[in-house]
Amino acid sequence: AGRPGLFKARLTAEPATARFGADKDTPILAYNGTSPGPLIEAYEGDRVEITFANRIEGEPSTIHWHGMPVPADQDGNPMDPVAAGADRVYAFDLPEGSAGSYWYHPHPHGRTAEQVYRGLAGAFVVKAKADPVPAAYGDTALMFTDLRLAADGSMPDNTMIDMMNGRVGDHVLVNGQKNPKLAVAAGAKRRLRLYNATNARFLRLAFANASMTVIGSDGGLLEAPVAADELLLSPAERVELVVAFDRPGTATLTTLRYDRGWMGPGRPTDAGLTLLTVGVSETPAEAMPPLPERLRPIAPLGAPAVSRRLVLTESMTMNAASMGMDFLINGKAFDMGRVDFVARAGDIELWEIVNQADMDHPFHIHGTQFQVVERERDGNVAKPPYLAWKDTVNVARRETVRLLTRQERPGARMYHCHILEHEQLGMMGIVDVR
Ligand code: C2O
Ligand code: CU
Ligand code: CU
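Per an unreviewed UniProt entry, the protein goes by Multicopper oxidase family protein and derives from Mesorhizobium atlanticum.

The following block contains the structure:
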């Protein structure tokens, strides 16, 4: 690694066991035996060839390269399942300018939510050839997942409440561990990439005794660093930070209250969880080079050729005999055999995502990065504070988000709510790019 070239790897999805503190083994699903799966680091300009071996018993799977500009037929769509016991190669090039914090996870029809909460997800970092962020800050990917354990150590199946709200676990894990410890020297700065790989937990995050600067979003660096006291990371979103640990003692990454809308009993505890503890020693760090004032230019996507409106709704019909839960886009549930929109490769499109539901829905588009241009709620229109490349944006309940998007490559692309239970229940569609 370190020089552009051919990046080859093998990822095997397979049953495994893990110990989460207790004295019982938990059956999980893992890539190459670990959950999260191995951190993949490649460089802009690299050719990637990854052999996927599906060794999950009796279940098809795929690997989807979340956020990455890969050809549609290499993107692990539900239409391209890899049967249990089978192998396939995913091959794609990482274009110049594609450096960013991506991830990989399964996307088989109807089974994504379960395969992900059982353990299948990993970080895929594309590094820039010329990186403006000082190497002295290090570069650490922290992937948040959400674990629920039954008394016997197993992971319980999804309940109706999980299907409605999305599955929220009892323990937020960071790279598979509960509240892991890091050690740094006073004055140290660290580059951290935070990944929300939970099925449905919204993470409003703040550091105590350390200061946070946002330097990147889902699709790579911002134009300039932005200081932040807190940030909201909805399911599937990522953020790149530089965290300054200026005071000796203990710094913690904790969660704050965030009301994302909840139906029925079992509203999870959202505030006051400590996700990460950093011991800051008295010994001063070696002098850290400053963060540059400019990181990279981002060209705003221009005037759209096409406008589309996507209305997100949910409806519940509960009665003694059945329980209907519909999570719909423009009144329709996902159909693998239906094209919802036809788009032209290279066209800039304005997508207006209207959330008419009582819950937040993090909206994701495959195969590209987009730019949020406007948010509207209760008649108030706001521009985002800075330009950023995103592939997932939270659309809060009763909010409308307008974004500019462009698909460069032909083929069928999914768009969906990244509460994975909602994706499973139908809040997904297909844009066919020609
Ligand atoms: Cu993170 Cu359709 O995916
Ligand atoms: Cu995706
Ligand atoms: Cu949703």
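Secondary structure summary: the protein contains three helices and 31 strands in total. Taking 434 residues into account, the globule formula puts the C-alpha radius of gyration at 22 Å, and the protein, at 21 Å, falls close to it. The dimensions of the protein, computed from C-alpha atoms along their principal axes, are 65 × 55 × 50 Å. Here the protein, with 434 residues, has 44% of them falling under the buried criterion.

In this section: the pairing of strand 28 (residues 392–395). By the alternation rule, side chains of strand 28 split into Thr-392 and Asn-394 and Val-393 and Val-395, which are all buried. With four bridges joining them, strand 25 (residues 361–365) and strand 28 adopt antiparallel strand pairing. Paired with His-361 across the bridge in strand 28 is Val-395.

Taking strand neighbours across the sheet as the criterion, the five strands line up as 23-31-30-25-28 in an open arrangement whose pairing is mixed. The sheet is open, and its two borders are formed by strand 23 (341–343) and strand 28, each paired with just one other strand. Looking at each pair of strands side by side, their axes are set apart by 25° on average, direction ignored.

Glancing now at the sheet that holds strand 8 (residues 122–127). With mixed pairing, the four strands of this open sheet are ordered in space as 3-8-7-5. Looking at which strands have only one partner, the edges of the open sheet turn out to be strand 3 (40–43) and strand 5 (64–66). Pairs of neighbouring strands in the sheet enclose a mean axial angle of 25°, with direction left out of account. By the bridge criterion, five bridges tie strand 7 (residues 100–105) to strand 8 in an arrangement that is antiparallel. What sits directly across from Ser-101, in strand 8, is Val-125.

The subject of this paragraph is the UniProt feature "domain: Plastocyanin-like" (unreviewed entry) in the protein. The UniProt record marks residues 18–130, 163–247 and 316–434 with the feature "domain: Plastocyanin-like" (unreviewed entry), using the residue numbering of this structure. When the span residues 18–130 is considered, its composition is 5% helix and 38% strand, and the gap between its end C-alpha atoms is 38 Å. Across residues 163–247, the secondary structure splits into 4% helix and 64% strand, with the terminal C-alpha atoms separated by 43 Å.

Parsing the protein into structural domains produces domain 1 (6–127), domain 2 (135–284) and domain 3 (306–433). Inter-centroid distance (C-alpha atoms) of domain 1 to domain 2 is 21 Å. Contributing elements (two or more residues each) for the side of domain 1 that touches domain 2: strand 2 (25–31), strand 7, helix 1 (112–117) and strand 8. Per-element tally for the side of domain 1 that touches domain 2: the top contributor is helix 1, with four residues.

With that settled, consider the pairing of strand 10 (residues 171–174). In this structure, strand 9 (residues 140–147) lies alongside strand 10, joined through four bridges in antiparallel fashion. Across the sheet, residue Thr-145 finds its bridge partner in strand 10, namely Leu-173. Pairing of strand 10 with strand 11 (residues 177–178), which is carried by two bridges, proceeds in the antiparallel orientation. Across the sheet, the residue bridging to Val-174 is Gln-177, located in strand 11.

In this section: unusual backbone geometry. For the bond running from Ser-35 to Pro-36, omega is -10°, close enough to zero to count as cis. Examined against the element boundaries, Pro-36 turns out to sit in the loop between strand 2 and strand 3. Positioned with a positive phi, Asn-179 is a non-glycine residue whose angle comes to about 40°. Tracing the backbone through its elements, the reader meets Asn-179 in the loop between strand 11 and strand 12 (181–186).

Conventions used here
Residues numbered from 1 in each chain as written. Chains lettered and ligands numbered in written order. Predicted model: local features only at pLDDT ≥ 70, side-chain atom pairs only at ≥ 80, totals over all residues. Helix = DSSP H or I, 4+ residues; strand = E, 2+ residues; numbered from the N terminus. Rg over C-alpha atoms; globule rule 2.2 N^0.38 Å. Buried ≥ 20, exposed ≤ 12 C-beta atoms within 10 Å, placed from the backbone. Pairing = 2+ DSSP bridges. Axes fitted to C-alpha atoms, helices over the stretch in contact; angles between N-to-C directions. UniProt positions renumbered as here; feature names shortened; annotations may be inferred. Domains from an automatic or database assignment.

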